[in-house]
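# Breakdown of the fold
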Amino acid sequence: MTAEFGDRLPAAFSRPGSSSFVDFLADHAPNLLPGREPAPIGSVEAPHATTIVALTYDGGIVMAGDRRATMGSTIAHRRMEKVFSADDYSAVGIAGTAGVAVELVRLFQLELEHFEKIEGTLLSLEGKANRLATMVRAGLPMALQGLAAVPLFGGYDERRSEGRIFSYDVAGGRYEEADFHAIGSGSVHARGSMKKLWAQGLGRDEAVRIAVHALIDAADEDSATGGPDVARGIYPIVAVVDAGGYRRVGDSDLAAVVRAITSGQEES
Amino acid sequence: MTQPFYVSPEQLMKDRADFARKGIARGRSVIVVGYRGGIAFVTENTSRALHKISEIYDRIGFAAVGKYNEFENLRVAGVRYADLRGYSYDRVDVSARGLANAYAQTMGAVFTTESKPLEVELAVAEVATSQAGDQIYRLGYDGSVAEEPGFVVMGGAAERLGALVREKWTEDLSLAEVLGLAVRVLGAGEEEDGSADRVLAPASLEAAVLDRDRPRRAFQRLSVPALTDLLPAAEQG
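Conventions and cut-offs
Residues numbered from 1 in each chain as written. Chains lettered and ligands numbered in written order. Predicted model: local features only at pLDDT ≥ 70, side-chain atom pairs only at ≥ 80, totals over all residues. Heavy atoms only, no water. UniProt positions renumbered as here; feature names shortened; annotations may be inferred. Helix = DSSP H or I, 4+ residues; strand = E, 2+ residues; numbered from the N terminus. Rg over C-alpha atoms; globule rule 2.2 N^0.38 Å. Buried < 20%, exposed > 50% of the residue type's maximum accessible area, 1.4 Å probe, protein only. Contact = heavy atoms within 4.5 Å. Areas by Shrake-Rupley, 256 points an atom, 1.4 Å probe, with all protein chains shown as cover. Lys, Arg positive; Asp, Glu negative; His and termini not counted. Charge placed at Lys NZ, Arg CZ, Asp CG, Glu CD. Core = buried A, V, L, I, M, F, W, Y, C linked by side-chain atoms within 4.5 Å. Axes fitted to C-alpha atoms, helices over the stretch in contact; angles between N-to-C directions. Parallel < 35°, antiparallel > 145°, perpendicular 65-115°, else oblique. Left-handed = near helix turned anticlockwise from the far one by under 90°. Nonpolar A, V, L, I, M, F, W, Y, C, P; charged D, E, K, R; others polar. Polar contact = N/O pair within 3.5 Å; in protein donor to acceptor, adjacent residues only side chain to side chain. Salt bridge = Lys/Arg side-chain N within 4 Å of Asp/Glu carboxyl O.

An unreviewed UniProt entry annotates chain B as Proteasome subunit alpha of Occultella aeris. For the record of chain B, the UniProt heading Subcellular location (unreviewed entry) holds the text "Cytoplasm". Quoted verbatim from the Pathway (unreviewed entry) field of UniProt, the annotation for chain B is "Protein degradation; proteasomal Pup-dependent pathway."

As named in an unreviewed UniProt entry, chain A is Proteasome subunit beta, taken from Occultella aeris. Per UniProt, chain A carries the Subcellular location (unreviewed entry) text "Cytoplasm". You can read under Pathway (unreviewed entry) in the UniProt record for chain A the words "Protein degradation; proteasomal Pup-dependent pathway."

Below you can see the structure in the form of structure tokens.
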């Protein structure tokens, strides 16, 4: 591939028909696609990313993820980022084998941007969710060897003027979630927490508070989920997606939210 | 038995060049021009869907004149080239120079080896952190490349319009001023006294900028309302 850069662009570059970067890679440079090479049988220990939560509120969604990655019983990373902007109007969070998951996100972001540049318009939210399902399915052979990564996808649907959340299974199954959802090792506890706290017609700030609260509850019960680390100044990644687009919630705002939640816990 | 006529290589190349030039001259001109805050692209185009100006990568924009199907094909190839490069290495490793090179090789190869040369002219521009680092490349139908300082005018009346831009352009113009200049030049008629000049309405223009101050993706199209706001300010100044 690199040798061709100094030369005439190969025919694959000007082949009409596809607006997908993944399809282009499969056609022109399949070796660059993750998971295309058959891996030998065996098992490998790699860092694991954990809990992601997402919930809808009136006019958008909030997605949040803790910062811990574990490898067996050790903490592999304390500051890992697991929630990303997929494009201006959607967010994607990841759980599972970190290396596979981060690569999946990178390719997904590029896939959306590539489509936008070639077609001159954004994909519909449903279209993005379906595209991600195809890419998760392509990772199935690696998942069978223990290198599984599962995303949680959410965004603002401009056609419906509301936030929507989609979850996936390793086989590429795509499910739309009503109200809230969580994935990863701490998801059971986070989901329980959100079940009690979520209500119809939430505001943005309240939704951020619930997301952080759910992560704190998950960290309380699950050793692989990292709670807010006030001493080191490590806070969860919290993203808000609404009609104005994707925004990260700043650490100073999160510090205040965490303080309010933990002081409330001490009282009770 | 019929003998094929001998055609000298000089004549063959000249015929091909004339053919390509004629095709390009039929199109409306495009102006790519630098200003204090970035690089602006302006052309006369009433279509809202068939673009002559577009985004290639974070800091790289593209403009073309000539046959739509041919430059659209090159544009898509450019987006694929840039995205593949950015994916294999890193986003900062995609440069306008590399892209211009790939285009030049492609257009040169088509010019010499295929039955018909491409009837297109391209401009590839990259905005840098300071104006001194901005690059604008112009690519001819035969694969010729030139890095132009400050601005490029392509299309039928490129030389005449280029001279008009050269008279008025300086590098410290604002966006409103370069847009005003570009629109006046695009509407300039052939008569010296200005009797054939036209005033182009914002709705008949396609315009975009590579804005130095935008964080990742610098490319932004200017909508008709945005153009309407920007243009009168320049007319007064």
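On we go from here.
## Topic: the overall build of chain A
The number of helices and strands found in chain A is seven helices and 13 strands. In terms of C-alpha radius of gyration, chain A reaches 19 Å, essentially the compact-globule figure of 18 Å for 268 residues. In terms of overall dimensions, chain A has C-alpha extents of about 70 × 45 × 30 Å along its principal axes. By the burial criterion, 50% of the 268 residues in chain A qualify as buried.

## Details of the overall build of chain B
Broken down by element type, chain B carries six helices and 10 strands. If you line up chain B on its principal axes, its C-alpha atoms span 70 × 55 × 30 Å. Looking at chain B as a whole, 53% of its 237 residues qualify as buried. Considering only contacts within chain B whose residues lie at least 6 apart along the sequence, 66% involve residues at least 24 apart. For chain B, the computed accessible surface area is about 11200 Å², with 53% contributed by carbon and sulfur atoms. Charged side chains in chain B number 28 positive and 34 negative. The centres of these two groups are separated by 5 Å.

## Focus on the side chain of Thr106 of chain B
Secondary-structure assignment places Thr106 of chain B in helix α3 (residues 96-113). Not counting chain neighbours up to four residues away, the residues in contact with Thr106 of chain B comprise Arg8 and Leu9 of chain A together with Leu74 of chain B.

## Considering the nonpolar core
Counting 61 residues, the largest nonpolar core has Phe153 of chain A together with Ile56, Tyr103 and Leu122 of chain B as its most contacted members. Sort the elements by how many residues they give to this core and helix α2 (residues 68-88) of chain B lands first, with nine residues. Those residues in contact with Ile56 of chain B that sit more than four places away from it in its chain are Lys117 of chain A together with Gly61, Phe62, Arg75, Gly78, Val79, Ala82, Leu99 and Tyr103 of chain B. Core analysis: the next-biggest nonpolar cluster, separate from the first, contains 29 residues, Ala64, Trp198, Ala255 and Val258 of chain A among them.

## Points about the packing of helix α2 (residues 98-119) of chain A against α2 of chain B
The N-to-C vectors of α2 of chain A and α2 of chain B enclose an angle of 165°; their axes lie 11 Å apart at closest approach. If you check the angle between α2 of chain A and α2 of chain B, you find them roughly antiparallel. Where α2 of chain A crosses over α2 of chain B, the two elements pack in a sense that is right-handed. Contact residues: α2 of chain A offers Glu103, Arg106, Leu107, Leu110, Glu113, His114, Lys117 and Ile118 of chain A, while α2 of chain B offers Arg75, Val76, Val79, Arg80, Asp83, Gly86 and Tyr87 of chain B. A breakdown of the residues in the contact of α2 of chain A with α2 of chain B according to their chemical character gives six nonpolar, two polar and seven charged.

## Points about the side chain of Ser19 of chain A
Inspection of the secondary structure assignment puts Ser19 of chain A in the segment before α1 (21-28). Of note is the side chain of Ser19 of chain A, whose polar atom sits 2.3 Å from the side chain of Glu119 of chain A.

## Side note on the interface of chain B and chain A
Taken together, the contact pairs 28 residues of chain B with 27 residues of chain A. Counting across the chain B and chain A interface gives five salt bridges. In this structure, the salt-bridge partner of Glu113 of chain A is Arg91 of chain B, at a minimum N-O distance of 3.0 Å. At the boundary of chain B with chain A, the tally comes to 17 residue pairs in polar contact (both at pLDDT 80 or more). Elements supplying a minimum of two residues to the side of chain B that touches chain A: β3 (53-57), α2 and α3 of chain B. Of the residues assigned to the side of chain B that touches chain A, the class counts are 12 nonpolar, six polar and 10 charged.

## Things to note about the UniProt feature "active site" (unreviewed entry) in chain A
Residue and element names in this part refer to chain A. In the numbering used here, UniProt assigns the feature "active site" (unreviewed entry) to Thr50. If you trace the backbone, Thr50 turns up in the loop between β1 (48-49) and β2 (52-57). With sequence-adjacent residues up to four places away left out, Thr50 is seen in contact with Asp66, Arg68, Lys82, Ile94, Ala95, Ile183, Gly184, Ser185, Ala224 and Thr225. Among the polar contacts listed, one links the side chain of Thr50 to the side chain of Lys82, at a separation of 3.4 Å.

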